[in-house]
Amino acid sequence: GEVVINLEKFGIKEFEYSIISIELLGIMTTSDGYKSDLINISKVIQSSGILTKNSNFGFNFKEVNFPYPSFKGNLAEIKYYLKASITKKFLNLSA
């Protein structure tokens, strides 16, 4: 897959970050609202840096065994999601 970061969309010219990561999440939800995590795999795509233009970052989750296929029934639903995150430092304190 690929994570696309479009700075122009948000009117940003430069963005300093600590980590860009991607998570693969699998969640089962029952009809009574109970939620259970089936799979949760996280991967760092890029370590700290500064973005000065729109950027694409490739990723791959190799050999993932999905416990169940995506499913929607009367009693339960199983969905898989990809969640991209950008972590930014807000304070740089020194003594």
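The structure presented is a predicted model; accordingly, all values stated were derived computationally and were not measured.

Describe the pairing of strand β1 (residues 2–5), and please don't skip the residues or the numbers.
Residues V3 and I5 line the buried face of β1, whereas the alternating positions E2 and V4 sit on a face that is not buried. Sheet topology note: the β1/strand β4 (residues 55–58) ladder contains four bridges and is antiparallel. Looking at β4, one finds that V3 is bridged to F57.

Requested: an account of the environment of N56, with residues and values cited.
The residue N56 is located in strand β4 in this model. For the pair formed by N56 and K13, sequence separation is 43 residues and the distance between their alpha carbons is 16 Å. Every residue in contact with N56, bar those within four places of it in the chain, is listed here: E2, V3 and V4.

Let's hear about the nonpolar core: which residues, and what values?
Counting residues in each nonpolar core, the largest one holds 15 residues, and the members touching the most others are I5, I45 and L51. At the level of elements, β1, β2 (15–30) and β3 (35–51) are the ones that each hand at least two residues to this core. At five residues, the largest contribution of residues to this core is made by β2. Residue contacts for I45: discarding those within four places in its chain leaves V3, I20, S21, I22, F57, G58 and F59.

Before we move on, can you summarise the side chain of E23 with the specific residues and values?
Along the chain, the position of E23 falls in strand β2. When neighbours within four sequence positions are excluded, E23 is seen to be in contact with N40, I41, S42, F61, Y81, L82 and K83.

I'd like to hear about the sheet that holds β3, residue by residue, with values.
Sheet strands line up and pair through hydrogen bonds in the backbone, either parallel or antiparallel. A sheet is described by the order of its strands in space; here four strands give the open sequence β3-β2-β6-β5, paired in antiparallel fashion. Every interior strand has two partners, whereas the edge strands, β3 and β5 (71–72), have only one. Sheet topology places β2 next to β3; 14 bridges connect them, and they run antiparallel. Residue pairing in the sheet places E16 in a bridge with I50 of β3.

Give me the packing of aromatic side chains: which residues, what numbers.
All told, the structure shown has two aromatic pairs when counted by the stated rule. With centroids separated by 5.8 Å and ring planes inclined at 65°, the aromatic side chains of F59 and F61 adopt a geometry described as edge-to-face. Each of the two residues, F59 as well as F61, counts as buried. Across from the ring centre of F61, 5.5 Å away, lies the NZ or CZ of K43, which sits over that ring. Directly above the ring of F15 sits K88, whose terminal nitrogen or CZ lies 5.2 Å from the centroid.

Rules and cut-offs
- Residues numbered from 1 in each chain as written.
- Predicted model: local features only at pLDDT ≥ 70, side-chain atom pairs only at ≥ 80, totals over all residues.
- Heavy atoms only, no water.
- Buried < 20%, exposed > 50% of the residue type's maximum accessible area, 1.4 Å probe, protein only.
- Helix = DSSP H or I, 4+ residues; strand = E, 2+ residues; numbered from the N terminus.
- Pairing = 2+ DSSP bridges.
- Contact = heavy atoms within 4.5 Å.
- Core = buried A, V, L, I, M, F, W, Y, C linked by side-chain atoms within 4.5 Å.
- Phe/Tyr/Trp six-rings, centres within 6.5 Å; stacked < 30°, edge-to-face > 60°.
- Lys NZ or Arg CZ within 6 Å of the ring centre and 35° of its normal.

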